[in-house]
Amino acid sequence: MASNSTKSFLADAGYGEQELDANSALMELDKGLRSGKLGEQCEAVVRFPRLFQKYPFPILINSAFLKLADVFRVGMLGSLASIIPERKNAHHSIRQSLDSHDNVEVEAAVFAAANFSAQSKDFAVGICNKISEMIQGLATPVDLKLKLIPILQHMHHDAILASSARQLLQQLVTSYPSTKMVIVSLHTFTLLAASSLVDTPKQIQLLLQYLKNDPRKAVKRLAIQDLKLLANKTPHTWSRENIQALCECALQTPYDSLKLGMLSVLSTLSGTIAIKHYFSIASGNVGSSPRSSDLVRLAQECCYHNNRGIAAHGVRVLTNITVSCQEKDLLALEQDAVFGLESLLVLCSQDDGPGAQATLKIALNCMVKLAKGRPHLSQSVVETLLTQLHSAQDAARILMCHCLAAIAMQLPVLGDGMLGDLMELYKVIGRSATDKQQELLVSLATVIFVASQKALSAEVKAVIKQQLESVSNGWTVYRIARQASRMGNHDMARELYQSLLTQVASEHFYFWLNSLKEFSHAEQCLTGLQEENYSSALSCIAESLKFYHKGIASLTAASTPLNPLSFQCEFVKLRIDLLQAFSQLICTCNSLKTSPPPAIATTIAMTLGNDLQRCGRISNQMKQSMEEFRSLASRYGDLYQASFDADSATLRNVELQQQSCLLISHAIEALILDPESASFQESGSAGAAHADSEYERRMMSVYNRVLEEVDSLDRKCTPVSYMHTACLCDAIISLLKVPLSFQRYFFQKLQSTSIKLALSPSPRNPAEPIAVQNNQQLALKVEGVVQHGSKPGLFRKIQSVCLNVSSTLQSKSGQDYKIPIDNMTNEMEQRVEPHNDYFSTQFLLNFAILGTHNITVESSVKDANGIVWKTGPRTTIFVKSLEDPYSQQIRLQQQQAQQPLQQQQQRNAYSRF
């Protein structure tokens, strides 16, 4: 019977077939917690996370925590600090528990005090003296003191509190020289300085003092660890003397482990503003030359160290100095950096161990940075990589391919030179179907796509397909096809997608691959565009649209409720509409030849006072085209705002499409409609941003060329000439000749963010309205939870949530005459900041008009940079406004009083008759 009851409450709690509301599920789980059997209690405990995921609202979570606290009874109050940070009775309970004679209760109180101090300023101010007395008290055991000291790191809420905590820690470091006490006090010291940003330079000096003078290795390691923390968080507070002292310690220490830690701190600092402080010339003092400084000498000594980690940090320091310092006579440093990178590359590429791979990543990042900062060294860096690719291990080859791709993206001129070596290597790799070999096939194919820049030759495609047919699996082929779509090699991508259609078991995957094949085919059709051949351009666009329509049908079939593919569908729809707008504009330009203006066009233009009417109907068609392109630009802007989880490259791609629409719209206005008032700023910031990809680089080149051509044309003869229409058609062809790049977000979502809203009051049945009297206001409470994927905040984080509430009258049930206009609609907006991914607010809504009202609640988010994103969701409920009983009673009384009068009037009328 017991087992049956257990299955019953677990099923009723929402984990079986039966579904209950939140309260009923919580009650059933509570039965399991109170069971006399330990197994049933454990099973109930592990079911709570699933309950929180299904009903993520504070009322239920607080109740569940209290029930769990009855089971565990230790430390639960500390876990609630983020929810109830200012609860005074909780503060009082913690203070009392610190004086308890029960060791378990005291440990729980210490844990709770640390958590509440981090959340509440009032609690931190009130508990600081208590903690100080306990730490300094002779009766307090040393073990308890070691647990109390870390609480002082949270005393950073104001300068006075931080200063008092720092004085206490200074006394502890001096009074208690034992290793454990020094380590705990120093680390707490560092965390307090990093959080309060007060006396950070003094803390750096203190840590350097212990690093130099304290003979204990444990203390030295702790000092290095804390120096690394401060180097990451506050590099601007490091003075030249601090860096010099650290260099001297690293030069003098005989221990490789300590030298590795010190070099790690120096390599972190070398990539920040601190390196400029180190080599700067102070007023009245002669600054040190990069060639003669201790930092450079230390890096040069470590570049060829037998410890790979020390060598990697030495090379990194040299690279950062070479890139950061703008002196002309750094040839020796440049050579040292290149030679150090080459030796480290040879050493690490032959080893498959995790340590070697981590070191190799550091070396390759330095190569990319060196090639970007010192372009004249890039050729030697690329040659070194290509030479070492042939003899390296597969794991190292993958990383080296990523490095080559990054360099080729920054410096496209190097692409042609490396293509031959890459093809030779592609022919000989992939003899087995191991995971590393498959990954290498993808990485090397990506480098080939980047290096080729334009369409792949037949020989290159044949080599890639032959290699894929021999050893690759379906997933590898898909990844390579995806990279081809991102790089604009659509002919290669179409063939690969075609080969995968028969290798998937799900029809959704089939439709997805088929849609990608059709999109690639559609973009391939645009490669046949030719300058000044406008009839051929119309044919190419029409052929492309045919395949795009096939693809959007397959893409719609591939979507599911869990994966609606909303971004993909909208992006493709916009591409279709953009191609149609291009086609229509070319036809409009051709109409100047096929349908010239009538003979009376000049008279009409003089009568209307509009010289543009001399051109006939093309003027109205051009105006419609301009409005169409502006509408497309607005829709691209909406897609941008709805893509909160997209990576920066995808967002930049959407922005480029929007700028293309604005460019053509501006060209129409500047050439034909209104040249005097047209402004080049309307085409967006096309030339302001730095191009990070070949696609962006080519699009920017087209923008600049089109703007120059528009600027060079004048209107001396006629309002619209063939030169103007030819300029517009050439601009369209130039834009379409750049192969479209399908960026990562089209295929893969690395960040996932969604908002779940709950409205109260809410009806049991969504179709039923909520009853409200018309003389009362409805208090609508909106609660929400921000839900994340596996990588929350990867690209951007939510700063605040904007809630917009509006209501509309659906149907009117009575005649209301004396209703103010302000009471007929509701339109409100509030911004709330999520607390632990939860937010809540209330709206007061007025429904004076009798009838059924539709309430819509829509959410959007604001990120840390102040950008608003239209993420949704959009929730709707219905409210039925009813007449209040008092008004209804008065109305009925008035009707009853009017009935005898009406009857008397009828009798009088009959008697007169």
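Analysis parameters
Residues numbered from 1 in each chain as written. Predicted model: local features only at pLDDT ≥ 70, side-chain atom pairs only at ≥ 80, totals over all residues. Heavy atoms only, no water. Phe/Tyr/Trp six-rings, centres within 6.5 Å; stacked < 30°, edge-to-face > 60°. Buried < 20%, exposed > 50% of the residue type's maximum accessible area, 1.4 Å probe, protein only. Salt bridge = Lys/Arg side-chain N within 4 Å of Asp/Glu carboxyl O. Helix = DSSP H or I, 4+ residues; strand = E, 2+ residues; numbered from the N terminus. Expected span 1.5 Å × (residues − 1). Contact = heavy atoms within 4.5 Å. Pairing = 2+ DSSP bridges. Core = buried A, V, L, I, M, F, W, Y, C linked by side-chain atoms within 4.5 Å.

Q: Before we go on, may I ask you to explain the packing of aromatic side chains in this structure?
A: A ring pair, where both rings are aromatic, is described by two values, the distance of the centres and the angle of the planes. In the structure shown here, the tally under the stated rule is 19 aromatic pairs. The interplanar angle of 55° and the centroid separation of 5.8 Å between the aromatic rings of phenylalanine 116 and phenylalanine 123 together place this pair among those described as tilted. With respect to burial, phenylalanine 116 and phenylalanine 123 carry one shared label: buried. Ring geometry for phenylalanine 644 against tryptophan 869: centres 5.8 Å apart, planes inclined by 80°, an arrangement best described as edge-to-face.

Q: How should the pattern of salt bridges be read in this particular structure?
A: A full pass over the atoms with the stated rule returns 28 salt bridges. Between arginine 374 and glutamate 334 there is a salt bridge whose closest N-O contact spans 3.6 Å. Of this pair, arginine 374 sits in the loop between helix 20 (354-373) and helix 21 (378-389) while glutamate 334 sits in helix 19 (residues 331-348), and the two are 40 residues apart along the sequence. We note that arginine 374, like glutamate 334, is buried. One salt bridge connects arginine 697 with glutamate 694, and the closest N-O pair in it is separated by 2.7 Å. Of this pair, arginine 697 and glutamate 694 both sit in helix 34 (residues 694-712), three residues apart, which is roughly one turn of that helix. Within the structure, one salt-bridge network assembled from shared partners comprises Lys461, Lys465, Asp491 and Glu495.

Q: Which parts of the structure should I look at to understand helix 14 (residues 240-252)?
A: At 3.6 residues per turn, the α-helix brings residues three or four places apart onto the same side. The first and last C-alpha atoms of helix 14 sit 18 Å apart over 13 residues, in line with the 18 Å expected at 1.5 Å per residue. For helix 14, the complete set of buried residues consists of Asn242, Ile243, Gln244, Leu246, Cys247, Cys249 and Ala250. In this structure, the buried residues of helix 14 make contact with helix 12 (200-213), helix 13 (217-233), helix 15 (256-270), helix 16 (274-279) and helix 17 (294-302).

Q: Sorry if this is basic, but what is going on with the pairing of strand 2 (residues 770-773) here?
A: Within a regular beta strand, the side chains point alternately toward one face of the sheet and then the other, so they alternate between its two faces. Burial along strand 2 is one-sided: the residues Ile770 and Val772 are buried and none of Ala771 and Gln773 is. Both strand 2 and strand 9 (residues 874-882) contribute to a ladder of four bridges, which runs parallel. Across the sheet, isoleucine 770 pairs through a bridge with valine 879, a residue of strand 9.

Q: Help me understand the nonpolar core in this model?
A: In a soluble, globular protein the nonpolar side chains are often hidden away together inside. Counting residues in hydrophobic clusters, the biggest one holds 253 residues, and the most contacted among them are Trp238 and Tyr426. The element contributing the most residues to this core is helix 30 (residues 566-594), with 14 residues. With residues near it in sequence (within four places) discarded, tyrosine 426 still touches Leu441, Leu444, Ala445, Ile448, Val463, Ile464, Gln467, Leu468 and Ile480. Formed by 14 residues, the second largest nonpolar core is a distinct cluster that contains Ala44, Leu51, Tyr55 and Leu68.

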